[in-house]
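Chain and residue survey
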Amino acid sequence: MRPRLATDPTELVPELADVSAALFRAVGNRSIPRTVISLVQLRAGQIAGSTYLTVLHTGFLRKAGESEERITSVATWQDSPYLTAPERAALALAEAVLQPSPHGERVSDELYAEVAAHYDDKALTTLMLAIGQVNFFTAIALIAKPVPGKAFTDPWA
């Protein structure tokens, strides 16, 4: 299996490395557990239909010691007994942002209030950035098609 884009995008546009590093620093500020970020980013990969992102974030969750039940239940998070209420709220927010809404506004006041009940302002901002971060990388994953399962630092090798 080979990537669609033969050259690492950071070699073609070196500024991408700075943007990527800034996003990772911002999302890694520890205001929310890394597990929540990975669960949200796994769901985003599933929604986008990106094997690369799905394999990547599944791997992160396994390395963090998450159970297979928790990882596999992300696809059906709404009724999963393996996920907490704050995790489900974060997943609901990710889905709302990443999927069109047939009912108008994607993030309703009710959903915002539900998420805000579980996360303080800094954590909620971090969650917004985590959703934006994975959305940023979704375009790269879908267009350039890095090789799934390759090391995160070298998917073009």
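As a reminder, the structure under discussion sits directly above these lines.
Structure report, in brief. Counting of residues starts from 1 at the beginning of each chain's written sequence and follows it residue by residue. Predicted model: local features are reported for residues with pLDDT of at least 70 only, side-chain atom pairs are reported and counted for 80 or more only, and whole-chain, interface and lining totals are derived from all residues. As a convention, hydrogens and water are excluded, and side-chain values are obtained from all of the structure's heavy atoms.

When we look at a pair of aromatic rings, we describe it by the centre distance and by the angle of the planes. Two rings belonging to Phe, Tyr or Trp (six-membered ring only in the last case) form a pair when the distance between their centres is within 6.5 Å. Interplanar angles under 30 degrees mark stacking, angles over 60 mark edge-to-face geometry, and anything in between is tilted. Tallied over the entire structure, the rule returns two aromatic pairs. Centroid distance Phe24 to Phe137: 6.0 Å. Interplanar angle 45°. Geometry classified as tilted. One end of the pair, Phe24, is in helix H2 (residues 15-27); the other, Phe137, is in helix H8 (residues 121-144), with 113 residues separating them in the sequence. Consider the rings of Phe136 and Phe137, whose centres lie 5.1 Å apart with planes at 90°: the pair is edge-to-face. Note on exposure labels: buried denotes an accessible area under 20% of the residue type's maximum, exposed denotes more than 50%, and partly exposed covers the range between, all computed with a 1.4 Å probe on protein chains only. In this structure Phe136 comes out as partly exposed when scored by relative accessible area, which is 31%. Three or more aromatic residues joined by ring pairs form one cluster here, namely Phe24, Phe136 and Phe137. Helical segments are the DSSP runs of H or I of at least four residues, strand segments are the runs of E of at least two, and each set is numbered from the N terminus.

On to unusual backbone geometry. We note that Arg30 has phi near 70°; this positive angle belongs to a residue other than glycine. With respect to the helices, strands and loops of the structure, Arg30 is situated in the loop between H2 and helix H3 (34-48). Of the residues examined, Arg30 reaches a relative accessible area of 77% and is grouped as exposed. Here Lys145, not a glycine, exhibits a phi torsion of approximately 55°, which is positive.

In this section: the nonpolar core. To form a nonpolar core, buried Ala, Val, Leu, Ile, Met, Phe, Trp, Tyr and Cys residues must be joined to one another through side-chain atoms within 4.5 Å. In this structure, Ile32, Val40, Leu93, Val115, Tyr119, Leu127 and Ile131 are the most contacted members of the largest nonpolar core, which totals 34 residues. If you list the elements that add at least two residues to this core, you get H3, helix H4 (51-63), helix H6 (85-98), helix H7 (109-118) and H8. It is H6 that provides the largest number of residues to this core, a total of eight residues. The contact rule is simple, with two residues in contact once any of their heavy atoms fall within 4.5 Å. Among residues more than four places away in sequence, those in contact with Tyr119 are Ile32, Val36, Pro86, Glu87, Ala90, Leu124 and Leu127. Core analysis: the second largest hydrophobic core is formed by five residues, Leu16, Leu23, Ile140 and Ala144 among them.

With that settled, the discussion passes to the side chain of Gln133. Examined against the element boundaries, Gln133 turns out to sit in helix H8. The class of Gln133 is buried, set by a relative accessible area of 2%. With sequence-adjacent residues up to four places away left out, Gln133 is seen in contact with Leu23, Phe24, Val27 and Gln41.

A few words on the environment of Glu11. When you line up the elements, Glu11 lands in helix H1 (residues 9-12). Each C-alpha atom of the pair Glu11 and Leu124 lies 33 Å from the other, and the pair is 113 residues apart in sequence.

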